[in-house]
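A structural walkthrough
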Protein chains: 2
Amino acid sequence: MEDIKLIEVKEEILYDNIKQAGEVRERLRKTKTMLLNLMSSPGSGKTSLILQTVEGLRGSLRLGVIEADIDSTVDAEKVAARGIRTIQLRTGGFCHLDAAMVTRGIDAIDLDELDLVIIENVGNLVCPAEFDTGAHKNVMILSVPEGDDKPLKYPLMFSVCDLLLINKIDYLSLSDFDAATLRKRVLALNPRITILEVSCKTGVGIGSWIDWLKAEVEAFKRPK
Amino acid sequence: MEDIKLIEVKEEILYDNIKQAGEVRERLRKTKTMLLNLMSSPGSGKTSLILQTVEGLRGSLRLGVIEADIDSTVDAEKVAARGIRTIQLRTGGFCHLDAAMVTRGIDAIDLDELDLVIIENVGNLVCPAEFDTGAHKNVMILSVPEGDDKPLKYPLMFSVCDLLLINKIDYLSLSDFDAATLRKRVLALNPRITILEVSCKTGVGIGSWIDWLKAEVEAFKRPK
């Protein structure tokens, strides 16, 4: 049966990936560079959040960005235009990043010069949740127009993240999105997750996101 | 290298899938049941469109629905509650449907009793575009909040579809989505695609979608 063959291959790939992800994490510990993996559906606001983050961290933390895209460089161009060290990874049809691709991304960066590298993963709520990129922190965005039922349908994504950003809260007035219901559903899957509400368009809530980020980088750099 | 191994496996799977998709299409031609594959990002409105379609076709065409979900039955329950023959396929982590999964879905349906079967694919703009389900028509939804740059980032999805529905046009007033730019980008990839604007919430444009659907089913059933 086709599906059984496919599962075997997938497990082998996942095992190799976990090993390589551990190597990425260890390597970045040595240079004290925190790696953050940002995931969401297409169009939830990953690039907009990164552009807000570039401004929010200016003068405090040294940021690099790894942009994953199937077949374009539009996002990388926007980020690089702000003077940020940006690496474009073209996945060539793959629907997620894995640790091998991230390794090639960080090979191209001088890690000693950076406090934080943000990976913009491929827009997808499924496979990116399964493939450990080697990041120290996983962050996801859910935008209000996507609906409050997404934790029921993509539970793994909500389970693997340290922080959930609810974006596009400026759409709340037009939407039947219920933030209390969403929180309940997310916390049932992942009681340790932090949830923040933001609008990358209006800037509401971005300050809390920047504060969270600075505190996490500080904790990461502290000698253990 | 990991990625080279993965590509070989993928090509083999894709080849087997194309063969099986052809068998699905042929089988449904015999019962004159049109199969339509509906794709989009998570939260773009696939289930809402299907619920509108159930009402729009009531009394004219006999509809069945195959719902694909990774790990829930919430969508299938909503559709079945309208008295529609609904099959739930749990993909168990897979980010797309393939022809083998669809075969198991149609095995569970009495095709002689249906004019049209709609597949709600997994919410994902990447892999569903690569895996032929055996459908006679591919339809995608892009919702206004996702942005008008999606054809640049997910070109294959826009290339394989017969119809693009721009949903949530009730959000246009809050958005910088440029419908003219989107049309230009989509038509550059796929000059033969039909584009319709709808709002599943307000019902605007749903009549045109139902008209398109009826005309396609009629053309499908006509003796060649």
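Bear in mind that the values here come from a model prediction, so they are computed numbers and not experimental data.

1. Notes on unusual backbone geometry
Backbone geometry places K168 of chain A, a non-glycine residue, at a positive phi of 60°. With respect to the element layout, K168 of chain A can be found in the loop between β6 (163-167) and α7 (179-189). A positive phi angle is found at K32 of chain B, which is not glycine, with a value near 55°. Locating K32 of chain B in the fold gives a position in the loop between α1 (2-30) and β1 (34-39). For K32 of chain B, a relative accessible area of 37% translates into the label partly exposed.

2. Observations regarding the packing of helix α2 (residues 46-57) of chain A against helix α8 (residues 206-221) of chain A
Residues and elements named next belong to chain A. Between α2 and α8, whose axes approach to 10 Å, the crossing angle comes to 70°. The angle between α2 and α8 places the two elements in the roughly perpendicular class. Considering the relative orientation of α2 and α8, their crossing is right-handed. Facing L49, Q52, T53, G56 and L57 of α2, the residues of α8 in contact are I206, W209, I210, L213 and K214. Counted by class, the contact of α2 with α8 contains 6 nonpolar, 3 polar and 1 charged residues.

3. Looking at the pairing of strand β6 (residues 163-167) of chain B
Within a regular strand, the side chains alternate between the two sheet faces. Residues and elements named next belong to chain B. Taking burial as the measure, the 5 residues of β6 include 5 buried ones, the bulk of the element. Residues of β6 alternate between two faces, with L163, L165 and N167 on one and L164 and I166 on the opposite face, all of them buried. In the sheet, β6 pairs with strand β7 (residues 194-197) via 4 bridges, with the strands oriented parallel. Looking at β7, one finds that L165 is bridged to L196. One crossover worth recording links β6 to the parallel β7 by way of helix α7 (residues 179-189), and it is right-handed.

4. Here we look at the sheet that holds strand β5 (residues 137-143) of chain A
Residue and element names in this part refer to chain A. Sheet architecture is open: 7 strands sit in the order β3-β2-β4-β1-β5-β6-β7, paired in parallel fashion. The sheet terminates laterally at β3 (85-90) and β7 (194-197), the two strands that pair on one side only. Strand-to-strand twist in this sheet, taken as the mean axis angle between neighbours without regard to direction, amounts to 20°. For strand β2 (residues 63-69) and β3, the ladder comprises 6 bridges, and the chain directions are parallel. Residue pairing across strands places I66 opposite I87, the latter belonging to β3. Seen against the sheet, α7 touches β5, β6 and β7 and runs at an angle of roughly 160° to β7. Relative to strand β1 (residues 34-39), α8 is tilted by about 145°, and along the sheet it contacts β1, β4 (116-120), β5, β6 and β7.

5. Some remarks on the interface of chain B and chain A
Facing the 48 residues of chain B at the interface are 48 residues of chain A. Taking both partners together, chain B and chain A bury about 3800 Å²; carbon and sulfur atoms supply 60% of that area. The largest contributions to the chain B side of the interface with chain A come from P42, K153 and L174 of chain B, which together make up 16% of the buried area. Across the chain B-chain A interface, the total number found is 2 salt bridges. K153 of chain A is the salt-bridge partner of D75 of chain B, the closest N and O atoms lying 2.5 Å from each other. Where chain B touches chain A, the interface holds 8 residue pairs in polar contact (both at pLDDT 80 or more). Those elements that provide at least two residues to the side of chain B that touches chain A are α1, α3 (74-80) and α5 (150-153) of chain B. The dominant element in the side of chain B that touches chain A, judged by the number of residues it contributes, is α1 of chain B, at 10 residues. Its residues placed into classes, the side of chain B that touches chain A shows 20 nonpolar, 8 polar and 20 charged.

6. Description of the packing of aromatic side chains
This structure, assessed with the given rule, holds 3 aromatic pairs over all chains. Centroid distance Y171 of chain A to Y171 of chain B: 4.9 Å. Interplanar angle 80°. Geometry classified as edge-to-face. One end of the pair, Y171 of chain A, is in the loop between β6 and α7; the other, Y171 of chain B, is in the loop between β6 and α7, on a second chain. Y171 of chain B shares its class with Y171 of chain A; the two are buried. Taking the centre distance of 5.9 Å and the plane angle of 15° together, the rings of W209 of chain A and W212 of chain A count as stacked. You can see W209 of chain A and its partner W212 of chain A sitting in helix α8, 3 residues apart, about one turn around the helix. Judged on exposure class, the residue W209 of chain A and its partner W212 of chain A are both buried.

Procedures and definitions
- Residues numbered from 1 in each chain as written.
- Chains lettered and ligands numbered in written order.
- Predicted model: local features only at pLDDT ≥ 70, side-chain atom pairs only at ≥ 80, totals over all residues.
- Heavy atoms only, no water.
- Helix = DSSP H or I, 4+ residues; strand = E, 2+ residues; numbered from the N terminus.
- Buried < 20%, exposed > 50% of the residue type's maximum accessible area, 1.4 Å probe, protein only.
- Axes fitted to C-alpha atoms, helices over the stretch in contact; angles between N-to-C directions.
- Parallel < 35°, antiparallel > 145°, perpendicular 65-115°, else oblique.
- Left-handed = near helix turned anticlockwise from the far one by under 90°.
- Contact = heavy atoms within 4.5 Å.
- Nonpolar A, V, L, I, M, F, W, Y, C, P; charged D, E, K, R; others polar.
- Pairing = 2+ DSSP bridges.
- Right-handed = clockwise from strand over helix to strand, strands pointing away.
- Buried area = accessible area lost by both parts, 1.4 Å probe.
- Salt bridge = Lys/Arg side-chain N within 4 Å of Asp/Glu carboxyl O.
- Polar contact = N/O pair within 3.5 Å; in protein donor to acceptor, adjacent residues only side chain to side chain.
- Phe/Tyr/Trp six-rings, centres within 6.5 Å; stacked < 30°, edge-to-face > 60°.

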